[in-house]
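# Fold and contact review
For reference, the chains in residue letters:
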Amino acid sequence: MNSVVHVVRFNILPAIPKELAGLEDLAYNLLWCWDHEAIDLFRRLDEDLWDESFHNPVVMLNRLSQERYRSLLADEAFMEHFERVKASYSRYLSEENTWFGKFRKTEVPLIAYFSAEWGLTECMRIYSGGLGILAGDFLKSSSDLGVPVVGIGLLYQQGYFRQYLNMDGWQQETEAANDFFNLPVRPVLDTEGNAVTVDVDIGSESVLVRCWKVEVGRTSLYLLDTNIPENKESHRLITSQLYGGDLDLRMRQEIVLGIGGVRVLKALGIEPIVFHMNEGHSAFLAIERIRLLMAEGLGFDEALELARRSNIFTTHTPVPAGIDEFPRHLIENYLGNYISKMGISVDRFLGLGRLNPDAHDESFNMARFAIRQSAYVNGVSLLHRDVSRRMWAAMWKDIPLDELPIDHVTNGIHIASWVSRDMASLFNRYLGSSWIDRPTDEGIWEGVWRIPDAELWRTHERRRERLVAFVRKCLARQLLNQGASQETIGKADEVLDPSALTIGFARRFATYKRADLLLRDPERLKGILTDPDRPVQIIFSGKAHPRDSEGKELIRKIIHFAREHDLSDRIVFVEDYNMIVSRYLVEGVDVWLNTPLRPMEASGTSGMKVVPNGGLNVSTIDGWWNEAYQPGVGWAIGKGEEYSDVEYQNHVEANALYDLLEREIVPLFYQRGRDGLPRQWISMMKRSMRSLCHFFNTDRMVKEYTRKFYLPAIDEFEMVRQGEFQEIRDYVSWIRKLRDLWGEISIEEIHAETTGEERVGSRVPVSAKINLGKLDPEDVTVEVYFGQLDSFGKITRADLIEMRPEGRSDNLYIYRTVIPCREGGNQGLTVRIVPSRRRARQPLQLGLMKWAQP
């Protein structure tokens, strides 16, 4: 039927008996996805339907028969379980003594967290990988801690693609449509029952944006949707697919996410103070915040500065190629009218996203724009902070690398969401239930030493057995879809060994992650896998980006390797990597393998998920493992070396991995006592849990964001508002003066009272003559920069000491201080000038620094 017809829309709701009406409330709050009791309750409704629906209780309630509802009412055990879960929900949602409550009491969200993707639970396919999973875990921990966060994202009609492999092992993609009315999301309605919508101008046209709400424990996530009848076709397609389409569509999506997200919050009467950008996709929120502040009477520069003070930008990308960049014509086409209404030129706006604001041929970089619009910028691991500083160093050309205003907050996982039901029960028995409420308490994890070795091992073995059964089922389905013979499909029940050492490798198939590192020496690997006394098996899973042919070739290479070397029972690739596949893997593998090229892994969280489940990590020293690794908690491939020759690096690290497997990992796993237990392996499992769980979790991460960024930003913003913005007006005026006059200042002379040799413990007086031009001493801070000299005469591991003005001579200010001689060796010092540390908010972000010249 090609012609357009009129369709009357209506939604059919489930007819749930009033005694079971609470099931709907439970289904629509995603608290169930980290509550094993609630999951078990929904599974009891219909276990087959639970699996078929991708663990979606809303679908289940819509599809259960009235007969099944009646049988549930008559099931006393089910009704008691139902009441327990309802009571647990009620206690959780009404809890007032939360962690954040120790800092301040609030009834409204103070922090808005924007992300282009959200990985909350299996049935909501609006995520593609680690970025979305991290956002989902962030929101769950925020709920647990009572941090007043509201999430903003897009509700994609298709979500990320579904993956299947053809007979040759080549990745194929299919669309994965989301039926919003069968998801745990609800449309946001006004008091008259009408859908809440906002208008977002994209170019000369207005796009209507609808809003949906997801309840995540105590927090809420609002998802934006343009696929509504009032919009024309091209506008309806804006939220059609996660990371689909071209650059044009990507920009329109990011306008809706950033500008539309701020407008939705305002329409709902939600007025957060802090805006946190999870990657640069939502960075256009900054310009909408500026527009709203200008409506309160501030000028553009003043509004920019005030908004900036409460913007946070978290970058997850270790390479410039991963950043969205938009050419001038797209900015002009889609934001030109919007920008002109704010009284600034398009060139002025473009300059905010360029390295050189005046380079008219330079694209608009979303990460650079986000950095300039944020008072707080962070990478997602300690190593990634250093990588990010090098990547963006050109933005602050005179500032030493180790002082660049990019911090770090290492990622984590929401442990309650990722630990297996079996392991959680074990923790409850030997650690008490506090591990759920206080996962950052290091003392609680001491309790893992109380778990009997036999009990821990039996629990882990059950999960490995379930993993093998799951993979066999997946493989049979894959072979059936490929048109394999019944004989071939039947052999799926024979792959893998439930008792063999099982290695997992599952992640996005990008070349830098080196999924094929283990395949470099086929004979050596075959010897490891097929040892009759000590067998080993590997389960792979993961998707390549649809346009990444090299990533797809890696998948094909694994499939062909297994076939050509007769290893199809030892090497298995599970299609369509998603949260369900991930759960089975992290809960059941013995070893989690991670082989990124250092320093290309920003953080990585998949390896964190195996830790509370008893799995052990073997990884290159990159991302989170750079901080986590210590002898006895897993294995390191290499020592963190970085090579200029990638092929040589692959050779060295592949051999190092084979050595670890042959000499340490496999022998340790199969070293059994008379009772059949690998006690040294079990001890390593416990040491890994004890040492890592308390830190690598999102409760610690959210607490760190709160203390480092959220609370200072909230306090400062409220102070400025109370003063009716006068402080911000004065501050911006002062910054203008600094920028106008900075070129006039200079360091004319440095004098250190030393003979050239000093003793450790002595002190060296230092003085400097400073030309401040038309600036005053109150405008600047003068500092001695001193430390060890390297072989090139460069100061390393520098210390800073502020100098004090002590009069004038010949129109020059005299500054003095003394520096301590703390350690022996060749030392050096110089003097520099920065904007006043007493007056400037994060002075190094201004990019103004003057050094003494030869």
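To be clear, the structure that these remarks concern was listed above.
What comes next concerns the included structure.

Conventions we followed
- Every chain is numbered on its own, with residues counted from 1 as its sequence reads.
- Note on the predicted model: pLDDT of at least 70 is required for a residue's local features to be given, and 80 or more for side-chain atom pairs to be given and counted; whole-chain, interface and lining totals, by contrast, use all residues.
- Processing note: side-chain calculations cover all non-hydrogen atoms of the structure and skip hydrogens and water entirely.
- Numbered from the N terminus, helices here are DSSP runs of H or I no shorter than four residues, and strands are runs of E no shorter than two.
- As defined in this context, the radius of gyration uses C-alpha atoms, and a globule is described by 2.2 Å times the residue total to the power 0.38.
- Contacts are assigned to residue pairs that have any heavy atoms within 4.5 Å of one another.
- Residue burial considers only the protein chains on display, and all accessible areas are found by Shrake-Rupley using a 1.4 Å probe.
- Neither His nor the chain ends is counted toward charge; the positive residues are Lys and Arg and the negative residues Asp and Glu.
- Think of each charge as sitting on NZ of Lys, CZ of Arg, CG of Asp or CD of Glu.
- Expected span of a helix: the number of residues minus one, times 1.5 Å.
- Strands were regarded as paired on the criterion that DSSP finds at least two bridges between them.
- Axes here refer to lines fitted to C-alpha atoms; in helices the fit is confined to the stretch in contact. Angles between the N-to-C directions go from 0 to 180 degrees.
- Here, a salt bridge means any side-chain nitrogen of Lys or Arg that lies within 4 Å of a carboxyl oxygen of Asp or Glu.
- For every residue, the accessible area obtained with a 1.4 Å probe (protein chains only) is divided by the maximum for its type, and the residue is called buried under 20%, exposed over 50%, and partly exposed between those limits.
- Definition of nonpolar core: a set of buried residues of the types Ala, Val, Leu, Ile, Met, Phe, Trp, Tyr and Cys, connected through side-chain atoms within 4.5 Å.
- Working definition: roughly parallel below 35 degrees, roughly antiparallel above 145 degrees, roughly perpendicular at 65 to 115 degrees, and oblique for all remaining angles.
- Handedness of a crossing follows from how the near helix is turned relative to the far one, being left-handed for an anticlockwise turn of less than a right angle and right-handed for a clockwise one.
- Note on residue classes: Ala, Val, Leu, Ile, Met, Phe, Trp, Tyr, Cys and Pro are nonpolar, Asp, Glu, Lys and Arg are charged, and everything else, Gly too, is polar.
- Side-chain rings of Phe, Tyr and Trp (the six-membered ring for Trp) are treated as a pair once their centres are within 6.5 Å; stacked means planes under 30 degrees apart, edge-to-face means over 60, and tilted covers the remaining angles.
- Criterion for a charge above a ring: Lys NZ or Arg CZ within 6 Å of the ring centre, and within 35 degrees of the ring normal.

## Structural notes on the overall build of the protein chain
Across its full length, the protein chain holds 29 helices and 28 strands. Here the C-alpha atoms of the protein chain give a radius of gyration of 29 Å, agreeing with the 29 Å that 2.2 N^0.38 yields for 854 residues. Projecting the C-alpha coordinates of the protein chain onto the three principal axes gives extents of approximately 95 × 70 × 50 Å. Nonlocal contacts in the protein chain, meaning residues at least 24 apart in sequence, comprise 72% of its contacts between residues at least 6 apart. Roughly 35400 Å² of accessible area belongs to the protein chain as shown, and the carbon and sulfur atoms make up 47% of that amount. Counting 104 positive and 123 negative side-chain charges, the protein chain places the centres of these two groups 2 Å from one another.

## Remarks on helix H19 (residues 453-481)
Structurally, the α-helix is built with 3.6 residues per turn, so residues lying three or four positions apart point the same way. Under the 1.5 Å per step criterion, the end-to-end length of H19 is 42 Å for 29 residues, consistent within 8% with the ideal 42 Å. Looking at the residues trailing H19, positive phi occurs at Gly-483, about 80°.

## Details of the sheet that holds strand S18 (residues 591-594)
Within the open sheet, the six strands sit side by side as S17-S16-S15-S18-S19-S20. Their pairing is parallel. In this open sheet, the two strands that pair with only one neighbour each are strand S17 (571-574) and strand S20 (634-637). On average, each strand axis in the sheet is inclined to that of its neighbour by 20°, with strand direction left out of account. Strand direction decides the pairing type here: strand S15 (residues 501-506) and strand S16 (residues 536-541), joined by six bridges, are parallel. Within S16, the position partnered with Ile-503 by the bridge is Ile-538. Relative to S17, H19 is tilted by about 70°, and along the sheet it contacts S15, S16 and S17. The strands touched by helix H23 (residues 579-588) are S15, S16, S17 and S18; relative to S16, the strand with the most contacts, the crossing angle is about 155°.

## Focus: the pattern of salt bridges
On inspection of all chains with the given rule, the structure shows 68 salt bridges. We note a salt bridge from Arg-463 to Glu-587, for which the minimum N-O separation is 2.6 Å. On the criterion of sequence distance, the pair formed by Arg-463 in helix H19 and Glu-587 in helix H23 is long-range, its members being 124 residues apart. Of the residues examined, Arg-463 reaches a relative accessible area of 9% and is grouped as buried. In this structure, Arg-464 and Asp-590 form a salt bridge, with 3.0 Å as the shortest nitrogen-oxygen distance.

## Describing helix H22 (residues 549-564)
With 16 residues, H22 extends 22 Å between its outermost C-alpha atoms, agreeing within 8% with the 22 Å of an ideal straight helix rising 1.5 Å per residue. Gly-551, Lys-552, Leu-554, Ile-555, Ile-558, Ile-559, His-560, Phe-561 and Ala-562 are the residues of H22 that are buried. Where H22 is buried, its residues meet strand S3 (162-165), strand S4 (171-174), helix H21 (522-529), S16 and S17. A positive phi of about 55° marks Asp-566, the residue just after H22.

## Description of the nonpolar core
Membership of the largest hydrophobic core comes to 261 residues, with the highest contact counts inside it found for Phe-284, Ile-331, Phe-349, Phe-509 and Trp-681. Formed by 30 residues, the second largest nonpolar core is a distinct cluster that contains Leu-741, Val-780, Ile-819 and Ala-852.

## Topic: the packing of helix H9 (residues 247-267) against helix H10 (residues 285-294)
Two elements in contact, H9 and H10, have axes whose closest approach is 7 Å; the angle formed by their N-to-C orientations is 45°. Relative to H10, the element H9 lies oblique. Of the two elements, H9 crosses H10, and the hand of that crossing is right-handed. Here Gly-258, Ile-259, Val-262, Arg-263 and Lys-266 of H9 come into contact with H10, specifically with Leu-285, Ile-287, Glu-288, Arg-291 and Leu-292. Here the residues of the contact of H9 with H10 sort into five nonpolar, one polar and four charged.

## Some points on the packing of aromatic side chains
Across all of its chains, the model carries 41 aromatic pairs by this definition. Here Phe-284 and Phe-369 contribute two aromatic rings whose centre-to-centre distance is 6.4 Å and whose plane-to-plane angle is 50°, an arrangement assigned as tilted. In this pair, Phe-284 sits in the loop between strand S9 (274-278) and H10 while Phe-369 sits in helix H14 (residues 366-372), placing the two residues 85 residues apart along the sequence. Comparing Phe-284 with Phe-369, the two get one shared label, buried. When the centroid spacing of 5.3 Å and the interplanar angle of 75° are considered together, the rings of Phe-427 and Trp-435 count as edge-to-face. Residues Phe-427 and Trp-435 agree in their burial class; the two are buried. Stacked on the ring of Tyr-28, the Lys or Arg Arg-186 has its end atom at 3.8 Å from the ring centre.

## Thoughts on the sheet that holds strand S26 (residues 812-820)
The antiparallel open sheet is built from four strands, whose spatial order is S21-S22-S26-S25. Both outer strands of the open sheet, strand S21 (746-752) and strand S25 (804-809), are each paired with one neighbouring strand and no more. Going across the sheet, the axis of each strand differs from the next one's by a mean of 25°, ignoring polarity. As paired strands, S25 and S26 are joined by four bridges and run antiparallel to one another. Opposite Arg-804, over in S26, you have Arg-816 as the bridge partner.

## Digging into the packing of H19 against helix H27 (residues 679-692)
Orientation of H19 relative to H27, taken along the N-to-C sense of each, is 85°, at an axis distance of 10 Å. Compared by their axis directions, H19 and H27 come out roughly perpendicular. In contact with Asp-453, Leu-456, Trp-457 and His-460 of H19, H27 contributes Arg-679, Trp-681, Ile-682, Met-685, Lys-686 and Met-689. Among the residues forming the contact of H19 with H27, the class breakdown is six nonpolar, one polar and three charged.

## Section: the side chain of Ser-691
Relative to the assigned elements, Ser-691 resides in helix H27. Residues within four places of Ser-691 in sequence aside, it is in contact with Gln-630 and Val-633.

## Quick notes on unusual backbone geometry
Keep in mind that most residues, glycine aside, have a negative phi and that most peptide bonds are trans. Here the amide bond leading from Arg-598 into Pro-599 is cis, since omega sits at 5°, within 30 degrees of zero. For Pro-599, the location among the structural elements is in the loop between S18 and helix H24 (606-610). Backbone geometry at Phe-54 places phi at a positive 60°, although glycine is not the residue there. Within the secondary structure layout, Phe-54 lies in the loop between helix H3 (47-52) and helix H4 (57-63). Although it is not a glycine, Phe-725 adopts a positive phi angle of roughly 70°. For Phe-725, the position within the fold is in the loop between helix H28 (698-722) and helix H29 (726-741).

## Points about the side chain of Glu-288
By the secondary structure assignment, Glu-288 is in helix H10. Assessed through its relative accessible area of 0%, Glu-288 is described here as buried. With sequence-adjacent residues up to four places away left out, Glu-288 is seen in contact with Ile-259, Val-262, Arg-263 and Tyr-338.

## Structural notes on the pairing of strand S27 (residues 827-835)
In regular strands, side chains alternate between the two faces of the sheet. With seven of its nine residues buried, S27 lies for the most part within the structure. Two strands pair when backbone bridges link them, and strand S23 (residues 780-789) and S27 are joined in this way by nine bridges, in the antiparallel orientation. Across the sheet, the residue bridging to Phe-786 is Leu-829, located in S27. Here S27 runs beside strand S28 (residues 850-851); their pairing, made up of two bridges, is antiparallel. Counted as the bridge partner of Arg-832 is Trp-851 from S28.

Note that every value here comes from positions in space, so none of it alone points to a role or purpose.
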